[in-house]
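# Working through the structure, step by step
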Amino acid sequence: MYCSSSEVLALNRMLEFANKRLSIFLFDGKRVLFWVAVVVTYAIACTFLVPDAFYHYDPYAGTFLFIEANGQLNVVHLFNNFFKCGFLTLSYGIMLVFIFRLKNQTSHQGTLTTFHVKVSIQTLTIAVLGDAVTVGYLASYYLPLSNSIAQHTGTFGQLLWISVHSGSGLIYLFMNRAVNKKFKRMFCGAYQLRNGLGVTPNTGVHSLPRTTLKIDPTD
């Protein structure tokens, strides 16, 4: 599901700049549910095609084995990873070409919004991390590596997985303004509550302690 969803996202980002009308036709409104179904169907199909998929870490080789239970090569897994890597690279490459082309065309300056560009760059950065993981794992398993390098491939692969899963959250946290503002609001609110400071909702304004004003009738 992770691979197919990243491919759908890449297609959406590419069409957003390459063919806006087609992007609206394919992804606008409830049509997005169709792509959710595509992602789920793809994952189910891959599972049924190789019901005896066997993923095993070989500590002597320092790598994961993506095979079937009978020891044969898992062709579906191999195709899935190569296709994902190629599709993401091609889609985001085309997206960048159209971004620069639209940016240099004064007649399309109104259609090229900063928001769309920033979101697309964020997804592109995450796709680069995903490609790095794919290439790293494929290289560690299929390329003839020397023993001095092979003994570190397991650690290298785990670091790649950590980078893609944690990196996705960090990219949105620091590069996405809406997510960044929400995080700061949550963090500042928790800090103020911990220190006994009242905060007016949605404003971040400290509430002042109430005082009672007594009036002397003799004055």
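Residues numbered from 1 in each chain as written. Predicted model: local features only at pLDDT ≥ 70, side-chain atom pairs only at ≥ 80, totals over all residues. Heavy atoms only, no water.

As recorded by an unreviewed UniProt entry, the chain carries the name 7TM GPCR serpentine receptor class x (Srx) domain-containing protein and is attributed to Steinernema carpocapsae.

## Describing the overall build of the chain
Looking only at helices and strands, one finds 8 helices and 2 strands in the chain. Shown N-terminal to C-terminal, the secondary structure of the chain runs as helices and strands in the order α-α-α-β-β-α-α-α-α-α. Buried residues in the chain amount to 31% of all 219 residues. Sequence separation of at least 24 residues holds for 64% of the intrachain contacts in the chain that already meet a minimum separation of 6. Roughly 15000 Å² of accessible area belongs to the chain as shown, and the carbon and sulfur atoms make up 68% of that amount. (Helix = DSSP H or I, 4+ residues; strand = E, 2+ residues; numbered from the N terminus. Buried < 20%, exposed > 50% of the residue type's maximum accessible area, 1.4 Å probe, protein only. Contact = heavy atoms within 4.5 Å. Areas by Shrake-Rupley, 256 points an atom, 1.4 Å probe, with all protein chains shown as cover.)

## Notes on the side chain of S120
Summarising the element assignment, S120 is placed in helix 5 (residues 114–142). Looking at S120, its side chain comes within polar contact range of the side chain of R13, at 3.1 Å. Setting aside anything within four residues of it in sequence, one finds S120 in contact with R13, F17, Y92 and M95. (Polar contact = N/O pair within 3.5 Å; in protein donor to acceptor, adjacent residues only side chain to side chain.)

## Topic: a nonpolar patch on the surface
Together, M1, V32, L33, V36, V40, I44 and F48 line one region of the surface with nonpolar side chains, adding up to about 690 Å² of accessible area. With respect to the secondary-structure elements, V32 resides in helix 3 (residues 32–49). Judged by relative accessible area, which is 39%, V32 ranks as partly exposed. (Patch = residues over 30% accessible without salt bridge, like charges linked within 9 Å, V, L, I, M, F, W, Y side chains within 5 Å. Salt bridge = Lys/Arg side-chain N within 4 Å of Asp/Glu carboxyl O.)

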